[in-house]
Amino acid sequence: MTDKKFVYFFGDNQTEGSNKMKHLLGGKGANLAEMANLGVPVPPGFTISTEACVLYMKNNDYPDGMWEEIDKNIDKLEKSTGKRFGDPDNPLLTSVRSGAPISMPGMMDTVLNLGLNDDTVKGLAKKTDNERFAYDSYRRFIMMFSDVVLGIDTSEFENLIQQKKDELGVTEDTELDTEAMKELVDKFKATYKDKTGSDFPQEIKQQLQMSINAVFNSWNNDRAKKYRQLNKISDELGTAVNVQAMVFGNMGETSGTGVAFTRNPATGEQEFYGEYLTNAQGEDVVAGIRTPKPIKSLKENMPDVYRQLDDITQKLEQHYKDMQDIEFTIEMGTLYMLQTRNAKRTAAAALKVAVDMVNENLIDKKTAIMRLKPSQIDQVLHPMIDPESELDLLSTGLAASPGAAVGKVVFSAEHAEEMANKNEDIILVRTETSPEDIGGMHAARGVLTVRGGMTSHAAVVARGMGKPCVCGCDGITIDMKKGQFTAKGYTVKEGECISIDGSEGKIYIGEAELKIPTVSEELETMLQWADEVRKLKVRTNADTPEDATLAREFGAEGIGLCRTEHMFFGDDRIPVVREMIMADNKEDRENALQKLQPMQKDDFLAIFRAMDGYPITIRLLDPPLHEFLPKYEELIEKVKKLESEGGSQEEIDKVNNLLRNVSALTETNPMLGHRGCRLGITYPEIYEMQVKAIIEAACELTSEGMNVIPEIMIPLVSNEKELDFVKKTVTQTAESIMKEKCIDISYLCGTMIELPRAALTADRIAKGAEFFSFGTNDLTQTTFGFSRDDAGKFLPLYIDKGILNNDPFAVLDQEGVGELMKIGIDKGRSSRPDIKIGICGEHGGDPESIRFSYEAGLNYVSCSPYRVPIARLASAQAVLQEEEED
């Protein structure tokens, strides 16, 4: 025996728990105990703790003393109800339900009417003077027990019910008479024996033990594990088991069962919302076997019960200070509450309820801020697929950029732009995207790629554009020659419609109905409250004036990453960029750069105007030069086509020249190759041109009275000598322009910390850098040794097998990458105490990573424009979480 307590009674003035014990009793058990403490009518019962579940799962056996405690609590329950397990004259029936510490609705298992056997069913019939009710309850129990405990498909039993209805010429279950119910009980027991080789258990404690085991085991069923993974719930919590005396809603027209909410869960409106069924049990409402009635009609049918229910729900909302989701049963005119919990709700409802409750003085602003999940903001900023849409699922991939889109399939960026110019909605489908696809991505409603991870080109650019994107969808196969892709036996041709859900990573065949959100007053109010609390600045990653303007509207306080390479892909620019790349000497290269400089200056003029008075961090050219050239395979095909169709020799020579340059620039591992500051060292004239454009634009706008705050960022530095070399080019060029213009621009020159060596030697680098920005995409890649474009092939398996908890490109790896960041921060500030430090990788918009950034002492986070509101809220929550812990 052990002194540890595993079982807690509730009800009948003997309650041993409260809602402060959710970690031990689970949400359902803690709330049943709390309702009992409040004097709410709750059928008595007992809760087996989550600790018992954890030990059972670990040892495949009950912990010492648990069953003895159960026996004692059964005695209490029998005395409380005046009924006994297995008593043929007055049988005790119970429900056996799961209840995790964090709500997981519908994910685990329930058994109702436990305690019925061939003898007690007769006693129940006699006691209630309702033989049909008794046998209806028995057949329900056999069906549910068989499904939950033994895994027998419910269709085996549903088919028997349908056969009996067909035989009697009726359509509703309620039309089946007593004899039909008795026959179904016999057939159900025969099915059980046929499927298991054993008779249906008649010993009540055996039924209970098997049901408790089933509920414990349901903690690790596939749907529960998937739900925990999606909602970031620990696998270590376990579930409690609630054994509760049954009350019956299927005892006639004065009985019933229902589910209700204290406010509308879709809109957040303050109205009593829900539905119920008369002469039914709880699973009938959920299963959709019968059409429920709106809760308001209960006021007409059972006015006294309705008034009592309305009073109780208001009392519960006032007590819990949150919108409640309740389950109730009416047994022959008497109301019983079976559950209350904080209600699941849409993002729009969550915002409205939180803001309204502050206005009603029910909660304060800080509580309201903590009520909203940052991820819910995505739902109120992006289109979503209407849940009522009925579409066939084609495939799944990574939820790379939120929102939903519908459009015709196209396979090339050029075709995407052509179709968009004809006002066609299109989805760009590619094996993977490259910077050359930027025009097609801009034209598309959404993007789907076969390869790539959460920080692949497609994912990063789509998030920046606010377009839905699904990456790493290896369930589809593209055949470019036939102009089609295949998935799950479907063939989708170019021009046919698909729907993509970038929030869920799903692709559907056909056109889904979309729900288009609007930015509500409640969201603006919530973000204003968040701004009053947060300490981290929130900037945006923006490469165009449109993105910069949008980000400002969302509350961005500057640009933390302006990627200059994205400016090079316009139709008027790419030929000049290629001319620069293919130049044989410095003079030719500089001539091409002179053509690019005014274009770059115009870009910076527009972005500076959009960010007047806010800092703009501009990253000098980073990617390898081959990314600005066509793909080698495409050029080979083009040469073949020109030769076969009699193309001009001049055109063939031009393509062959491109081929030679592409071949010369091809690298085995370009992400670790000739890119970043290495380009600035090899070809200093490239960075010189960009700095000229930046400073000239800043001087021009300063002379107009604008406040321009440029921060020039040197990428991919691994040691201080690289920084010093490139910084010399930056400062000499900037000083020359300012001297020429007779204008002094207050600018900073800093670097990205995106390589482990840079983090480890940050004290040396900080001597020359006026700011650091952690590029966590590359830092994660180089720390793990994962290619971010290829890791999608195995990362889902790593997460499924528990090797990693999250995709490290989506959620910052605090143990590895985070430690390097802390080292970089500490060392950087040891050399330059006032150094400004931020994060500009995709992690800048992830709530967990934002909290880490706050705790690590960063000055700001930077993220794509549509994630700015998320970052504002998450930054405030980080402060409040720290206050709670203190």
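In what follows, the structure referred to is the one given above.
Remember, it's a predicted structure, so these values are computed and weren't measured experimentally.

Calculation criteria
- Residues numbered from 1 in each chain as written.
- Predicted model: local features only at pLDDT ≥ 70, side-chain atom pairs only at ≥ 80, totals over all residues.
- Heavy atoms only, no water.
- Helix = DSSP H or I, 4+ residues; strand = E, 2+ residues; numbered from the N terminus.
- Buried < 20%, exposed > 50% of the residue type's maximum accessible area, 1.4 Å probe, protein only.
- Contact = heavy atoms within 4.5 Å.
- Areas by Shrake-Rupley, 256 points an atom, 1.4 Å probe, with all protein chains shown as cover.
- Lys, Arg positive; Asp, Glu negative; His and termini not counted.
- Charge placed at Lys NZ, Arg CZ, Asp CG, Glu CD.
- Pairing = 2+ DSSP bridges.
- Axes fitted to C-alpha atoms, helices over the stretch in contact; angles between N-to-C directions.
- Core = buried A, V, L, I, M, F, W, Y, C linked by side-chain atoms within 4.5 Å.
- 1 Å grid on protein atoms, 1.4 Å probe; cavity = no way out; pocket = protein on both sides within 12 Å on 5 of 7 lines; lining within 4 Å.
- Points joined across faces, edges and corners; volume = space filled by probe spheres on them.
- Phe/Tyr/Trp six-rings, centres within 6.5 Å; stacked < 30°, edge-to-face > 60°.
- Arc of directions from axis to C-beta.
- Polar contact = N/O pair within 3.5 Å; in protein donor to acceptor, adjacent residues only side chain to side chain.
- Salt bridge = Lys/Arg side-chain N within 4 Å of Asp/Glu carboxyl O.
- Nonpolar A, V, L, I, M, F, W, Y, C, P; charged D, E, K, R; others polar.
- Parallel < 35°, antiparallel > 145°, perpendicular 65-115°, else oblique.
- Disulfide = S-S within 2.5 Å.

(A) Spotlight on the overall build of the protein chain. Helix and strand counts for the protein chain stand at 34 helices and 31 strands. When the backbone C-alpha atoms are referred to their principal axes, the protein chain occupies close to 105 × 65 × 55 Å. Within the protein chain, the proportion of its 886 residues that are buried is 56%. Relative to all contacts within the protein chain whose residues are 6 or more apart in sequence, the contacts with residues 24 or more apart total 68%. Taken as a whole, the protein chain presents about 37400 Å² of accessible surface, with 45% of it coming from carbon and sulfur. Side-chain charges in the protein chain split into 102 positive and 144 negative, and the spacing between the mean points of these groups amounts to 3 Å.

(B) Representation of the sheet that holds strand E29 (residues 771–774) in the model. Strand order in this closed barrel of 8 strands is E24-E25-E26-E27-E28-E29-E30-E31, and the pairing throughout is parallel. With strand direction ignored, the average angle separating the axes of adjacent strands in the sheet is 25°. Across 4 bridges, the pairing between E29 and strand E30 (residues 836–839) is parallel. Opposite Ser773, over in E30, you have Gly838 as the bridge partner. The sheet strands contacting helix H26 (residues 684–703) are strand E26 (615–619) and strand E27 (709–714), and the helix crosses E27 at an angle near 170°.

(C) How the structure looks around the nonpolar core. Ranked by internal contacts, the top residues of the largest apolar core, which has 154 residues, are Met526, Phe608 and Ile695. A total of 11 residues in this core trace back to one element, the largest contributor, which is H26. Those residues in contact with Ile695, other than ones at most four positions away along the chain, are Ile712, Ala734, Ile737, Met738 and Tyr747. Ranked by size, the runner-up nonpolar core spans 61 residues in total, among them Tyr138, Phe145, Val149 and Ile161.

(D) Quick peek at the layout of surface pockets. A volume near 1600 Å³ is recorded for the second largest pocket. What lines the second largest pocket is a set of 35 residues, among which Glu414, Glu436, Pro630, Lys631 and Glu634 lie closest to the centre. Those elements that place two or more of their residues in the lining of the second largest pocket are helix H16 (413–421), strand E15 (426–430), helix H17 (438–443), helix H21 (574–581), helix H23 (632–644) and helix H24 (649–665). Of the residues forming the lining of the second largest pocket, the biggest block, 6 residues, is contributed by H23.

(E) Molecular detail of the packing of aromatic side chains. Tallying each qualifying case throughout the model produces 18 aromatic pairs. Their ring planes at 80° and their centres at 4.9 Å tell us that Phe133 and Phe248 sit as a pair that is edge-to-face. With Phe133 in helix H5 (residues 131–150) and Phe248 in the loop between strand E5 (240–245) and strand E6 (256–261), the pair connects residues that are 115 residues apart, well separated along the chain. Phe248 matches Phe133 in its accessibility class, with the two residues each being buried. Judged by centre distance (6.2 Å) and plane angle (20°), the ring pair of Phe604 and Phe608 falls under stacked. Within this pair, Phe604 and its partner Phe608 are both found in helix H22 (residues 586–610), separated by 4 residues, close to a single helical turn. Like Phe604, the residue Phe608 is buried in the burial classification. Three or more aromatic residues joined by ring pairs make a cluster, and in this case those are Tyr56, Tyr62, Trp67 and Phe216.

(F) How the structure looks around helix H9 (residues 222–231). Of all the positions in H9, only Ala224, Tyr227 and Arg228 are classed as buried. Buried positions in H9, seen along its axis, are confined to an arc of 95° and lie on one side of it. Relative to its buried face, H9 has exposed residues pointing more than 90 degrees away, namely Asp222 and Leu230. On its buried side, H9 packs onto helix H8 (204–218). Measuring from the side-chain oxygen of the N-cap residue of H9 to the backbone nitrogen of Ala224 gives 2.6 Å; that N-cap residue is Asn221. Just past H9, the residue Lys232 takes up positive phi, approximately 55°.

(G) Broad picture of the sheet that holds strand E9 (residues 324–331). An order of E8-E7-E6-E9-E10 is seen for the 5 strands of this open sheet, with the pairing classed as antiparallel. The strands lining the two open edges of the sheet, one partner per strand, are strand E8 (293–294) and strand E10 (334–342). Contacts from helix H12 (residues 303–320) reach E9 and E10 within the one sheet, and its direction differs from that of E10 by about 25°.

(H) Spatial organisation of the pattern of salt bridges. Counting across every chain of the model gives 53 salt bridges. Here Glu424 ties to Lys408 by a salt bridge, and the two come within 3.2 Å at their closest N and O atoms. Taken together, the residues span a long stretch of sequence, with Glu424 in the loop between H16 and E15 and Lys408 in strand E14 (residues 404–410) at a distance of 16 residues. Residue classification places Glu424 among the partly exposed residues on the basis of a relative accessible area of 28%.

(I) Highlighting unusual backbone geometry. Here the phi dihedral of Asp12 falls at roughly 55°; this positive angle occurs in a residue that is not glycine. Tracing the chain through its elements places Asp12 in the loop between strand E1 (7–10) and helix H1 (22–37). A positive phi is found at Lys321, a non-glycine position, where the angle reads about 55°.

(J) Expanded view of empty space enclosed by the protein. Scanning the entire structure with this criterion turns up 2 cavities of 30 Å³ or more. Of the voids in this model, the second largest cavity is the one considered here, and its volume is about 40 Å³. Around the second largest cavity, the lining residues are His382, Ser401, Pro402, Arg463, Gly466, Ser864, Tyr866 and Arg867. When the residues that make up the lining of the second largest cavity are grouped by side-chain class, the tally is 2 nonpolar, 4 polar and 2 charged.

(K) Here's a closer look at the environment of Arg675. By secondary structure assignment, the location of Arg675 is in the loop between H24 and helix H25 (677–682). Looking at Arg675, the relative accessible area reads 2%, which means it is buried. Along the backbone, Arg675 and Pro624 are 51 residues apart, and their C-alpha atoms lie at a distance of 4.6 Å. Engagement of the side chain of Arg675 in a polar contact is seen with the side chain of Asp778, the distance being 2.9 Å.

(L) Inspection of the packing of helix H2 (residues 50–59) against H8 at higher detail. Viewed as axis vectors pointing N to C, H2 and H8 meet at an angle of 85°, and their least axial separation amounts to 10 Å. By the angle between their axes, H2 is roughly perpendicular relative to H8. Along its contact with H2, which presents Ala52, Cys53, Tyr56 and Met57, the element H8 presents Asn213, Phe216 and Asn217. The residue makeup of the contact of H2 with H8, split by class, is 5 nonpolar, 2 polar and no charged.

(M) Structural view of the environment of Asp653. Relative to the elements of secondary structure, Asp653 occurs in helix H24. Classification of Asp653 as partly exposed rests on a relative accessible area of 40%. Sequence spacing of Asp653 and Ala413 is 240 residues, and the spatial spacing of their C-alpha atoms is 25 Å.

(N) Geometry of the side chain of Thr340. Inspection of the secondary structure puts Thr340 in strand E10. On the accessibility criterion, Thr340 (1% relative accessible area) is buried. Among the polar contacts listed, one links the side chain of Thr340 to the side chain of Gln324, at a separation of 2.7 Å. Residues within four places of Thr340 in sequence aside, it is in contact with Asn31, Met35, Leu316, Tyr320, Gln324, Asp325 and Ile326.

(O) Looking closely at the state of the cysteines. Applying the stated criterion to the full structure yields 0 disulfides. Not part of a disulfide, Cys562 finds its nearest cysteine sulfur in Cys840, a span of 11 Å. Cys677 takes part in no disulfide bond, and the closest cysteine sulfur to it belongs to Cys749, at a distance of 12 Å.

(P) Structural detail: the pairing of E5. Along E5, 6 of the 6 residues are buried, which leaves the element largely enclosed by surrounding structure. The sheet contact formed by strand E2 (residues 45–48) and E5 spans 4 bridges and is antiparallel. What sits directly across from Ile48, in E5, is Val241. Taken together, the 6 bridges between strand E3 (residues 94–99) and E5 define a ladder with antiparallel strand orientation. When the bridges of E5 are listed, Ser95 appears paired with Gln244.

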